[in-house]
Amino acid sequence: MAYGYLAAMRATPGNRDEVVQILLGGTDGLRDAGCLLYVVSVDDADADLIHVTEAWQSKQHHDDSLRLPETKAAIAKAMPLLTGEFTGREVTVVGGLGVA
């Protein structure tokens with residue numbers, strides 16, 4: 001079973017697309033770090049809401065990825081463009097298309 005993380009964050013008005021680009025640009029090295037799935041989505045009903053869906057080989061792999069230089073740089077660049085409204089949920093990935 002793999003570790004999953006589901007997150008939602010709110011960009012400040014007008015900055016959603018820039019945050020999305022930052023999140024997508026900070027993915028170098030994630031596969032080598034144990035990432036099985038990393039999906040960034042925007043909410044069709046809320047112009048400022050961003051969702052991130054992740055699947056990892058383990059929680060340790062996820063936690064270690066937060067120390068990667070590209071991850072730290074992406075977080076630092078995105079934080080000023082976010083409102084501070086975050087939700088996150090840890091889940092156990094039991095299977096699915098693209099994760100096996």
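Residues numbered from 1 in each chain as written. Predicted model: local features only at pLDDT ≥ 70, side-chain atom pairs only at ≥ 80, totals over all residues. Heavy atoms only, no water.

Chemist: Which parts of the structure should I look at to understand the overall build of the protein?
Modeler: Across its full length, the protein carries 3 helices and 4 strands. Reading the helices (α) and strands (β) of the protein from amino to carboxyl end gives β-α-β-β-α-α-β. Here the C-alpha radius of gyration of the protein, 13 Å, is about what a compact globule of 100 residues would show, namely 13 Å. When its C-alpha atoms are laid out on the principal axes, the protein stretches across 40 × 30 × 20 Å. Burial statistics for the protein: of 100 residues in total, 36% are counted as buried. Within the protein, counting contacts between residues at least 6 apart in sequence, those at least 24 apart form 72% of the total. Side-chain charges of the protein comprise 8 positive and 14 negative groups, with the mean position of each set lying 4 Å from the other. (Helix = DSSP H or I, 4+ residues; strand = E, 2+ residues; numbered from the N terminus. Rg over C-alpha atoms; globule rule 2.2 N^0.38 Å. Buried < 20%, exposed > 50% of the residue type's maximum accessible area, 1.4 Å probe, protein only. Contact = heavy atoms within 4.5 Å. Lys, Arg positive; Asp, Glu negative; His and termini not counted. Charge placed at Lys NZ, Arg CZ, Asp CG, Glu CD.)

Chemist: For this particular structure, what's the right way to read the nonpolar core?
Modeler: Across soluble globular proteins, you tend to see nonpolar side chains buried next to one another. Counting 14 residues, the largest nonpolar core has M9, V19, L23, V40, I50, V52 and L82 as its most contacted members. Elements that contribute at least two residues to this core include exactly β1 (2–11), α1 (16–25), β3 (49–56) and α3 (69–78). Element by element, the count of residues in this core is highest for α1, at 4 residues. Contact partners of V19, with chain neighbours within four places excluded, come to A11, I50, A78, L81 and L82. Listed in part, the 5 residues of the second largest apolar core include Y3, L30, A33 and W56. (Core = buried A, V, L, I, M, F, W, Y, C linked by side-chain atoms within 4.5 Å.)

Chemist: Would you take a moment to explain the environment of W56 for this structure?
Modeler: Locating W56 in the fold gives a position in strand β3. Looking at W56, the relative accessible area reads 1%, which means it is buried. For W56 and I75, which are 19 residues apart along the polypeptide, the C-alpha to C-alpha distance reads 19 Å. Here E54 takes part through its side chain, which lies 2.8 Å from a polar atom of the side chain of W56. (Polar contact = N/O pair within 3.5 Å; in protein donor to acceptor, adjacent residues only side chain to side chain.)

Chemist: How should I be thinking about α3 in this particular structure?
Modeler: Each α-helix winds once per 3.6 residues, and so residues spaced three or four apart point in a common direction. For α3, the complete set of buried residues consists of T71, A74 and A78. Take α3 and look down its axis: the buried residues cluster within an arc of 65 degrees, on one side only. More than 90 degrees from the buried face of α3, the exposed residues found are P69, A76 and K77. Of the surrounding secondary structure, the elements contacted by the buried residues of α3 are α1, α2 (59–65) and β4 (82–93). (Arc of directions from axis to C-beta.)

Chemist: Would you explain the environment of E70 in this entry?
Modeler: Along the chain, E70 turns up in helix α3. Judged by relative accessible area, E70 falls into the partly exposed class, the value being 24%. Remark: the alpha-carbon pair of E70 and D28, spanning 42 residues in sequence, is separated by 6.9 Å.

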